[in-house]
Amino acid sequence: MLTMKLLTQDFEDWGEDIDDFYVCFQVDIGCKDIVGSGDMFTFEVVSPKRLVRIIQDSNIEIGRGYLIMNDFNIKYIESTVNNIISKCQNADYDLAMKELSKYFRWEMDT
């Protein structure tokens, strides 16, 4: 069974307004009962106001790896990540990781 082993806030950029933020996270997801198992994924939590600025700079942005929320709340973020992990459960670990990579960016070793 997959579980969130560690959620780390990696970078944050808070605008002048409360509804203007961009926060980067890393999440380690692995098998609950296996010490040392896990793969690292990254994602950003971004406000709609910040997303507008990102799109203005790039003209287009692909949504994978973004959680968009109006009001930053770490409990909602943890809950959402856990819900995604639950949806991606699979007896085949590799398939589960591929499913998770639809939501988060998979930081695979090369």
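Residues numbered from 1 in each chain as written. Predicted model: local features only at pLDDT ≥ 70, side-chain atom pairs only at ≥ 80, totals over all residues. Heavy atoms only, no water.

**Looking at helix 1 (residues 48-58)**
Okay, so step 1: For helix 1, the full list of buried residues reads Arg50, Leu51 and Ile54. Taken end-on, helix 1 shows its buried residues confined to a sector of 100 degrees, consistent with a single buried face.
Okay, so step 2: At its buried positions, helix 1 is contacted by strand 1 (2-14), strand 2 (21-31), strand 3 (39-46) and strand 4 (66-68).
Okay, so step 3: Among the residues trailing helix 1, Asn59 stands out with phi positive, at a value near 70 degrees. (Buried < 20%, exposed > 50% of the residue type's maximum accessible area, 1.4 Å probe, protein only. Helix = DSSP H or I, 4+ residues; strand = E, 2+ residues; numbered from the N terminus. Arc of directions from axis to C-beta. Contact = heavy atoms within 4.5 Å.)

**Re the confidence of the model for the protein**
Okay, so step 1: For the protein, mean pLDDT is 93; residues scoring 70 or higher make up 98% of the total.
Okay, so step 2: Looking over the protein, one finds the lowest element-wise mean pLDDT in helix 1, namely 91, and the highest in helix 2 (residues 74-87), namely 98. (pLDDT = per-residue confidence, 0-100.)

**A few points about the environment of Asp19**
Okay, so step 1: Position of Asp19 relative to the elements: it lies in the loop between strand 1 and strand 2.
Okay, so step 2: Judged by relative accessible area, Asp19 falls into the partly exposed class, the value being 32%.
Okay, so step 3: For the pair Asp19 and Ser47, spaced 28 residues apart in sequence, the C-alpha separation works out to 6.2 Å.

**Remarks on the pairing of strand 1**
Okay, so step 1: Sheet topology places strand 1 next to strand 2; 11 bridges connect them, and they run antiparallel. When the sheet's bridge partners are listed, Leu2 is paired in strand 2 with Cys31.
Okay, so step 2: The hairpin formed by strand 1 and strand 2 contains 6 residues between the paired strands. (Pairing = 2+ DSSP bridges.)

**Observations concerning the pattern of salt bridges**
Okay, so step 1: Taken as a whole, this structure holds 8 salt bridges when the rule is applied.
Okay, so step 2: The salt bridge partner of Arg50 is Asp13, with a shortest N-O separation of 2.9 Å. Here Arg50 is found in helix 1, whereas its partner Asp13 is found in strand 1, with 37 residues between them in sequence.
Okay, so step 3: Residue Asp13 is classed as partly exposed on the basis of its relative accessible area, which comes to 32%.
Okay, so step 4: Taking the shortest distance from any N to any O, the salt bridge between Asp17 and Lys49 comes out at 2.7 Å. Note that Asp17 is positioned in the loop between strand 1 and strand 2 and Lys49 in helix 1, a separation of 32 residues in sequence.
Okay, so step 5: Judged by its relative accessible area of 39%, Asp17 falls in the partly exposed class.
Okay, so step 6: Residue classification places Lys49 among the partly exposed positions, given a relative accessible area of 35%.
Okay, so step 7: Where salt bridges share partners, they join Asp13, Asp20, Arg50 and Arg53 into one cluster. (Salt bridge = Lys/Arg side-chain N within 4 Å of Asp/Glu carboxyl O.)

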